[in-house]
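# Observations on the three-dimensional arrangement
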Amino acid sequence: AQKITQTQPGMFVQEKEAVTLDCTYDTSDPSYGLFWYKQPSSGEMIFLIYQGSYDQQNATEGRYSLNFQKARKSANLVISASQLGDSAMYFCAMRLTGANSKLTFGKGITLSVRP
Amino acid sequence: GAVVSQHPSWVICKSGTSVKIECRSLDFQATTMFWYRQFPKQSLMLMATSNEGSKATYEQGVEKDKFLINHASLTLSTLTVTSAHPEDSSFYICSAPQYRVLAMRYTFGSGTRLTVV
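What this report covers is the structure whose coordinates are included nearby.

What counts, and at which threshold
Residues numbered from 1 in each chain as written. Chains lettered and ligands numbered in written order. Predicted model: local features only at pLDDT ≥ 70, side-chain atom pairs only at ≥ 80, totals over all residues. Heavy atoms only, no water. Helix = DSSP H or I, 4+ residues; strand = E, 2+ residues; numbered from the N terminus. Buried < 20%, exposed > 50% of the residue type's maximum accessible area, 1.4 Å probe, protein only. Contact = heavy atoms within 4.5 Å. Lys, Arg positive; Asp, Glu negative; His and termini not counted. Charge placed at Lys NZ, Arg CZ, Asp CG, Glu CD. Patch = residues over 30% accessible without salt bridge, like charges linked within 9 Å, V, L, I, M, F, W, Y side chains within 5 Å. Areas by Shrake-Rupley, 256 points an atom, 1.4 Å probe, with all protein chains shown as cover. Salt bridge = Lys/Arg side-chain N within 4 Å of Asp/Glu carboxyl O. Core = buried A, V, L, I, M, F, W, Y, C linked by side-chain atoms within 4.5 Å. Disulfide = S-S within 2.5 Å. Pairing = 2+ DSSP bridges. Axes fitted to C-alpha atoms, helices over the stretch in contact; angles between N-to-C directions. Buried area = accessible area lost by both parts, 1.4 Å probe. Polar contact = N/O pair within 3.5 Å; in protein donor to acceptor, adjacent residues only side chain to side chain. 1 Å grid on protein atoms, 1.4 Å probe; cavity = no way out; pocket = protein on both sides within 12 Å on 5 of 7 lines; lining within 4 Å. Points joined across faces, edges and corners; volume = space filled by probe spheres on them. Nonpolar A, V, L, I, M, F, W, Y, C, P; charged D, E, K, R; others polar.

Attention now goes to the overall build of chain B. Counting secondary structure elements, chain B contains 0 helices and 11 strands. Listed N to C, the secondary structure of chain B is β-β-β-β-β-β-β-β-β-β-β in terms of helices and strands. Considering only C-alpha atoms, chain B reaches an extent of 45 × 30 × 25 Å along its principal axes. Here chain B, with 117 residues, has 52% of them falling under the buried criterion. Put simply, 54% of the contacts in chain B that link residues at least 6 apart link residues at least 24 apart. Across chain B, the mean location of the 11 positive side-chain charges is 5 Å away from that of the 8 negative side-chain charges.

This brings us to a nonpolar patch on the surface. Residues and elements named next belong to chain B. Taken together, the side chains of W10, I12 and V117 present a nonpolar region at the surface, about 370 Å² in accessible area. Among the secondary structure elements, V117 is positioned in the segment after β11 (112-116). By relative accessible area, which is 57% here, V117 ends up exposed.

Our next topic: the nonpolar core. If you look at the biggest cluster of nonpolar residues, it comprises 27 residues, and the most contacted ones within it are A:L21, A:W36, A:L77 and A:Y90. When contributions to this core are tallied by element, the ones reaching two or more residues are β2 (11-14), β3 (19-21), β5 (32-39), β6 (46-52), β8 (64-69), β9 (74-79), β10 (88-96) and β12 (109-114) of chain A. A:L77 has contacts with A:V19, A:T20, A:L21, A:W36, A:L48, A:I49, A:Y64, A:S65 and A:Y90, leaving out every residue within four places of it along the chain. Listed in part, the 24 residues of the second largest apolar core include B:C13, B:A48, B:I69 and B:A84.

Here the focus is the state of the cysteines. Residues and elements named next belong to chain B. Tallying each qualifying case throughout the model produces 2 disulfides over all chains. Each sulfur in the disulfide pair C23 and C94 lies 1.9 Å from the other. Its torsion about the S-S bond being -100°, the disulfide of C23 and C94 is classed as left-handed. With C23 in strand β3 (residues 19-25) and C94 in strand β9 (residues 90-98), this pair connects stretches of sequence that are 71 residues apart. Considered together, C23 and C94 belong to a single accessibility category, that of buried residues. With no disulfide of its own, C13 has C23 as its nearest cysteine by sulfur position, at a separation of 17 Å.

Another point: the sheet that holds strand β1 (residues 4-7) of chain B. All names here are of chain B. The strand order across the open sheet formed by 4 strands is β1-β3-β8-β7, and the pairing between neighbours is antiparallel. Each having just a single partner strand, β1 and β7 (67-73) make up the two edges of the open sheet. On average, adjacent strands in this sheet sit at an angle of 15° to one another, irrespective of strand direction. Across 5 bridges, β7 lies against strand β8 (residues 76-81) in antiparallel orientation. In the sheet register, I69 faces β8, and the bridge partner there is L79.

Before going further, it helps to spend a moment on the interface of chain A and chain B. Taken residue by residue, the interface counts 22 residues in chain A and 21 residues in chain B. Note on chain A versus chain B: buried area summed over both sides is about 1,700 Å², and carbon and sulfur give 56% of it. One can count 1 salt bridge joining chain A with chain B. A salt bridge links A:K102 to B:E59, with the shortest nitrogen-to-oxygen separation between them at 3.3 Å. Viewed at the interface, chain B and chain A are joined by 6 residue pairs in polar contact (both at pLDDT 80 or more).

Right, let's talk about the layout of surface pockets for a bit. Any empty space left between the atoms is revealed when a probe the size of a water molecule rolls over them. There is about 430 Å³ of room inside the largest pocket. Lining the largest pocket we find 18 residues, and of these B:L44, B:M45, B:L46, B:M47 and B:E59 sit closest to its centre. Elements that contribute at least two residues to the lining of the largest pocket include exactly β11 (103-105) of chain A together with β4 (32-38) and β5 (44-51) of chain B. If you tally residues by element for the lining of the largest pocket, the top one is β5(B), at 4 residues. The class makeup of the residues in the lining of the largest pocket is 10 nonpolar, 4 polar and 4 charged. In this structure, the second largest pocket occupies an estimated 360 Å³ of space. Taken together, 17 residues form the lining of the second largest pocket, with A:Q39, A:S41, B:P40, B:K41 and B:R113 sitting closest to its centre. Elements with a minimum of two residues in the lining of the second largest pocket: β10 and β12 of chain A together with β9 and β11 of chain B. For the lining of the second largest pocket, the class distribution of residues is 8 nonpolar, 7 polar and 2 charged.

Remember that the coordinates give geometry; whether it matters functionally is a separate question.
Set out below in structure tokens:
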């Protein structure tokens, strides 16, 4: 069965600095997708970045980049130049291939950006 | 971009009553809808998967008679919490997958905060 692990306690970062949020996963399926979502206190789920298991390069989306280490089964999110609005809960999630494939979420990490 | 409209955004109901939550896909056809439940500071837990025109598939431990899911059309899926109790108070959120050439995407509703008093 697939599993997503986020073990960091609440994270703190100074405004304008970079921060890495850890995520490891476990699956025996060779084809899968990894997602990061941001959930502010309002509750909405905001898509940040996606990495496919066959992608050759690490994904990047603006200030977000994904450090994908397939052999280690890790997919860490790097946020550069942190902003106060980045304070939120962050979830790593995985999807296996197949029709109607659901997302499996990690338990999440709370990030607080200090001014 | 794709939008899933979820209503209501919050609701307070009395114990023993039923509450219906709707998720509508506004600009695409949602053949599948995932329903999640989230307690404060915790992760999203999948409750059930609904497919248009067929019965929902419930995750282990989810009471199908308490959480009624209907997916009657390609744009509407509903979750009804029947005979609600205070322990059903939670954040409920729906999500519809979208199949794209390079990667699948998931569009989430904005969530419903249910409080049962």
